[in-house]
Amino acid sequence: FTKPAVPKTYKPRLASVSDKTVAPGEVVEKTAKAEDINPDVGTATFGLVEPVDGMTLDPETGAFKWEIPEDVEPKKYETTFILTQMNNPELKVEKKVVITVQLPNEDPTVTVDEKAIVVLGRDFTLDVEAEDDGELDALKYSLEGEVPEGLTIDESTGQLAWSPPKTFAPGDYPVTVKATDGGSPAKSGTASITLTVKDDYAKLPLFTGAVALDG
């Protein structure tokens, strides 16, 4: 006697289609695949629901293509892939795909004074300016390279702040300021400034004597 094999349970699904972010003028190509369908029932067939003008899909191979025009409006475009099967009218698998068209992200432009003087024992602040093709509020500021002890930069506003103690060694300290935007992928821009640390000469002069002449 032979025990009958347990009937296989199939869970059909659409694969190899996912969201994508592109720039105007690019070409989006995907190949939809049918996974875990009963091959004895019939062949898989693919389709699109409410495709955007220019989108094509081969119903037999699942090959999808969209040549995005250069003058297309940057925004999110949605379409739905459908998987059906010949001789199986009950099978209908859907998967929504979002294609985001956005302009290429450019590097931020950072502007800061080339030089600045920092006096020992005094508070020093300096504003860093930056321009970007995206939201300025999304910019994040940071310092690169060897950062002098105690020097900080506000991550949101880009303000440099430093209060070097009187024991700090005077001299020139080159600093690189970096601004990173919130784009995808994120882009960064940098600018350099030399901070010249000096003694507080205003506290050095001493009154040593007085001379009177003719009353």
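Just above, that's the structure.
A brief report on the enclosed structure follows. The structure displayed is predicted, hence computed values, not measured ones. Within every chain, residues take consecutive numbers counted from 1 along the sequence as written. Whole-chain, interface and lining totals are the exception, using all residues; otherwise, since this is a predicted model, local features are given only for residues with pLDDT of at least 70 and side-chain atom pairs are given and counted only at 80 or more. Where side-chain values are given, they derive from all heavy atoms of the structure, hydrogens and water being excluded.

**With respect to the overall build of the protein chain**
The condition is simple: Only DSSP runs of H or I covering at least 4 residues are called helices, and only runs of E covering at least 2 are called strands; the numbering of each starts at the N terminus. In this setup the radius of gyration rests on C-alpha atoms only. A globule is expected at 2.2 Å times the number of residues raised to 0.38. Reported accessibility uses the Shrake-Rupley method at a 1.4 Å probe radius. Residues are deemed covered only where the shown protein chains occlude them. Counted as positive: Lys and Arg. Counted as negative: Asp and Glu. His and the chain ends are not counted at all. Every charge is mapped onto a representative atom, which is NZ of Lys, CZ of Arg, CG of Asp or CD of Glu.
Scanning the protein chain from N- to C-terminus turns up zero helices and 18 strands. Over its C-alpha trace the protein chain gives a radius of gyration of 33 Å, far above what one expects of a compact globule, namely 17 Å for 215 residues. Structurally, the protein chain occupies a C-alpha span of about 130 × 55 × 20 Å along its principal axes. As displayed, the protein chain offers around 14400 Å² of accessible surface, 49% of which is attributable to carbon and sulfur atoms. Of the side chains in the protein chain, 21 bear a positive and 39 a negative charge, and the two mean positions are spaced by 9 Å.

**Section: the packing of aromatic side chains**
For the record, the criterion: Note on ring pairs: Phe, Tyr and Trp rings are taken, using the six-membered ring of Trp, and paired if centres are within 6.5 Å. Classes follow the plane angle, with under 30 degrees stacked, over 60 edge-to-face and the rest tilted. Relative accessibility thresholds used throughout: buried, under 20% of the residue-type maximum; exposed, over 50%; partly exposed, between the two (1.4 Å probe, protein chains only).
Tallied over the entire structure, the rule returns five aromatic pairs. Taking 5.2 Å as the distance between ring centres and 50 degrees as the angle between the ring planes, the aromatic pair formed by Phe168 and Tyr173 counts as tilted. Accessibility expressed as a relative area gives 14% for Phe168, which makes it buried. Taken together through their ring pairs, the aromatic side chains of Trp162, Phe168 and Tyr173 make up a single cluster.

**Here's the deal with a negative patch on the surface**
Worth spelling out the cut-off: Patch definition: residues with relative accessible area over 30% and no salt bridge; like charges joined within 9 Å; nonpolar side chains (Val, Leu, Ile, Met, Phe, Trp, Tyr) joined within 5 Å. Salt-bridge detection follows one rule: a side-chain nitrogen of Lys or Arg within 4 Å of a carboxyl oxygen of Asp or Glu.
A cluster of acidic side chains, namely Asp113, Glu114, Asp127, Glu129 and Glu131, defines a negative patch on the protein surface. Turning to its location among the elements, Glu129 is positioned in strand E13 (residues 129-131). For Glu129, a relative accessible area of 55% corresponds to the exposed category.

**So, the side chain of Thr79**
Cut-off, in case you're wondering: Residues adjacent in sequence count toward polar contacts only when both atoms are side-chain atoms; beyond that, a polar contact is any pair of N or O atoms within 3.5 Å, and within protein one must be able to donate a hydrogen and the other to accept it. Contact definition: two residues touch when any of their heavy atoms are within 4.5 Å.
Here Thr79 is to be found in strand E8 (residues 76-85). Reaching out from Thr79, the side chain makes a polar contact with the backbone oxygen of Val49 at a distance of 3.2 Å. Residues contacting Thr79, with those up to four places away along its chain left out, are Leu48, Val49, Glu50, Pro51, Met55, Lys95, Lys96 and Val97.

**Let's talk about the nonpolar core**
To keep things clear, this is the line we draw: Nonpolar cores are built from buried Ala, Val, Leu, Ile, Met, Phe, Trp, Tyr and Cys residues. Side-chain atoms within 4.5 Å join them into one set.
Among the nonpolar cores identified, the biggest contains 24 residues, and Val128, Trp162 and Leu195 are the most heavily contacted of them. Ranked by residues supplied to this core, first place goes to strand E18 (residues 188-198) with four residues. Apart from residues no more than four positions distant in its own chain, Trp162 is found in contact with Val118, Arg122, Asp123, Phe124, Pro148, Glu149, Gly150, Leu151, Phe168, Tyr173, Leu195 and Val197.

**Some points on the pattern of salt bridges**
Considering all chains together, one arrives at five salt bridges under this definition. Among the salt bridges present, the one from Glu67 reaches Lys65, with a minimum N-O distance of 3.3 Å. Its salt-bridge partner being Glu94, residue Lys92 comes within 3.7 Å of it at the nearest N-O pair. The class for Lys92 is exposed, based on a relative accessible area of 54%.

**What to know about the sheet that holds strand E15 (residues 152-153)**
As a reminder of what qualifies: A pair of strands counts as paired when DSSP detects no fewer than two bridges linking them.
The sheet built from three strands is open, its strands ordered E12-E16-E15 with antiparallel pairing. The outermost strands of the open sheet, each flanked by one partner alone, are strand E12 (124-127) and E15. As defined by bridge partners, E15 adjoins strand E16 (residues 159-162) across two bridges and the pair is classed as antiparallel. When the sheet's bridge partners are listed, Ile153 is paired in E16 with Leu160.

**Focus: the sheet that holds E18**
Worth spelling out the cut-off: Lines are fitted to the C-alpha atoms to define the axes, a helix being fitted only along its stretch in contact, and any angle between axes, read from their N-to-C directions, falls within 0 to 180 degrees.
Taken in spatial order, the four strands line up as E11-E18-E17-E14 in an open sheet, and their pairing is mixed. Looking at the sheet topology across the chains shown, the edges are occupied by strand E11 (115-119) and strand E14 (140-144). The average undirected angle you get between the axes of adjacent strands in this sheet is 35 degrees. By the bridge criterion, 10 bridges tie strand E17 (residues 171-180) to E18 in an arrangement that is antiparallel. Of the residues in E18, the one forming a bridge with Pro174 is Thr194.

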